[in-house]
Amino acid sequence: MSQPDEQSVDDPFLTVAEVATQMRVSKMTVYRLVNSGKLAASRPTPRTIRIRQSAVKDLLAESPADVAQ
């Protein structure tokens, strides 16, 4: 068995629903943030989106006005 790398343990991937819950916004808002490039995300398959916890923290650290535009 392979060991999980340190980054994945310290910085897990989240689903769109998990991010929406954390940010207290709708899933559609998360999709919009990803599609606009304001929230970095990975697409392991064409129909799935995964977002690093650190990307969410970085976005939330920005001013709310920057996120909404």
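Calculation rules
Residues numbered from 1 in each chain as written. Predicted model: local features only at pLDDT ≥ 70, side-chain atom pairs only at ≥ 80, totals over all residues. Heavy atoms only, no water. Buried < 20%, exposed > 50% of the residue type's maximum accessible area, 1.4 Å probe, protein only. Helix = DSSP H or I, 4+ residues; strand = E, 2+ residues; numbered from the N terminus. Arc of directions from axis to C-beta. Axes fitted to C-alpha atoms, helices over the stretch in contact; angles between N-to-C directions. Parallel < 35°, antiparallel > 145°, perpendicular 65-115°, else oblique. Left-handed = near helix turned anticlockwise from the far one by under 90°. Contact = heavy atoms within 4.5 Å. Nonpolar A, V, L, I, M, F, W, Y, C, P; charged D, E, K, R; others polar.

Draft legend 1. Examining helix α2 (residues 16-23) more closely. Within α2, burial applies to Val16, Val19, Ala20 and Met23. In an axial view of α2, the angular spread of the buried residues amounts to 100°, which keeps them on one side of the axis. Count one or two residues on from α2 and you reach arginine 24, which has phi positive near 60°.

Draft legend 2. Structural context of the packing of α2 against helix α4 (residues 53-61). As a packed pair, α2 and α4 sit with axes 11 Å apart at the nearest point and diverge in direction by 30°. On the basis of their axis angle, the class for α2 and α4 is roughly parallel. As α2 runs across α4, the sense of the crossing is right-handed. Along the contact surface, α2 presents Val19, Gln22 and Met23, while α4 presents Gln53, Val56, Leu59 and Leu60. Residue classes in the contact of α2 with α4 are distributed as five nonpolar, two polar and no charged.

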